[in-house]
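Below are the chains, spelled out letter by letter.
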Amino acid sequence: MPSEIAVIIPVYNHWQYAMACVDSLINSTPHARVILIDDCSPELPPPEFVKSRFENSNGRHIYVRHEKNLQLTAAWNEGFRRAFELDCPYIVATNSDVLFSTGWEVGLLCGSLCGYRLLGPLTNTPGNTKAQLITTM
């Protein structure tokens, strides 16, 4: 089995994006562990989503709802605390509007095996512009 990866996903409203993010991660990366941090969204997640993805996961995936809005960095920090408790060898901090495709973690794992300790995407520029053009140097 591939190494477990804890993926921290903070969310504040826009549940349609967060649900697509979580589902794409679960479907593309069965060994990933989802840590979804709801930063006191005024808009509540659909109860069936929380039940089916988190409550029925036997503790594999974690859903946390903050009592008050603490902002993005606090949500990520909460996620890191939870990830450290899981003792996963890899931790990813992302956003709730990311969609994961099959094999996304291969570069992460390869970079780690090459000695890198902090890895990130080549770009997260939105849209279809020349700023997104990535070439190998």
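Residues numbered from 1 in each chain as written. Predicted model: local features only at pLDDT ≥ 70, side-chain atom pairs only at ≥ 80, totals over all residues. Heavy atoms only, no water.

Draft legend 1. Structural view of the sheet that holds strand β3 (residues 62–65). Ordered by their spatial adjacency, 4 strands build an open sheet running β3-β2-β1-β4, and the pairing between neighbours is parallel. A strand with exactly one partner marks an edge of an open sheet, and here the two such strands are β3 and β4 (90–93). Across the sheet, the axes of successive neighbouring strands diverge by a mean angle of 15°, strand direction being ignored. Looking at chain direction, strand β1 (residues 5–11) and strand β2 (residues 32–38) are connected through 7 bridges and run parallel. Bridging from a neighbouring strand, Ala6 pairs with Arg33 of β2. Helix α1 (residues 15–28) contacts β1, β2 and β3 of the sheet and is inclined by roughly 165° relative to β2. (Pairing = 2+ DSSP bridges. Helix = DSSP H or I, 4+ residues; strand = E, 2+ residues; numbered from the N terminus. Axes fitted to C-alpha atoms, helices over the stretch in contact; angles between N-to-C directions. Contact = heavy atoms within 4.5 Å.)

Draft legend 2. Looking closely at the pairing of β4. Burial along β4 is one-sided: Tyr90 and Val92 are buried, while Ile91 and Ala93, pointing the other way, are not. Sheet topology note: the β1/β4 ladder contains 4 bridges and is parallel. Its bridge partner lying in β4, Ile5 is registered against Tyr90. (Buried < 20%, exposed > 50% of the residue type's maximum accessible area, 1.4 Å probe, protein only.)

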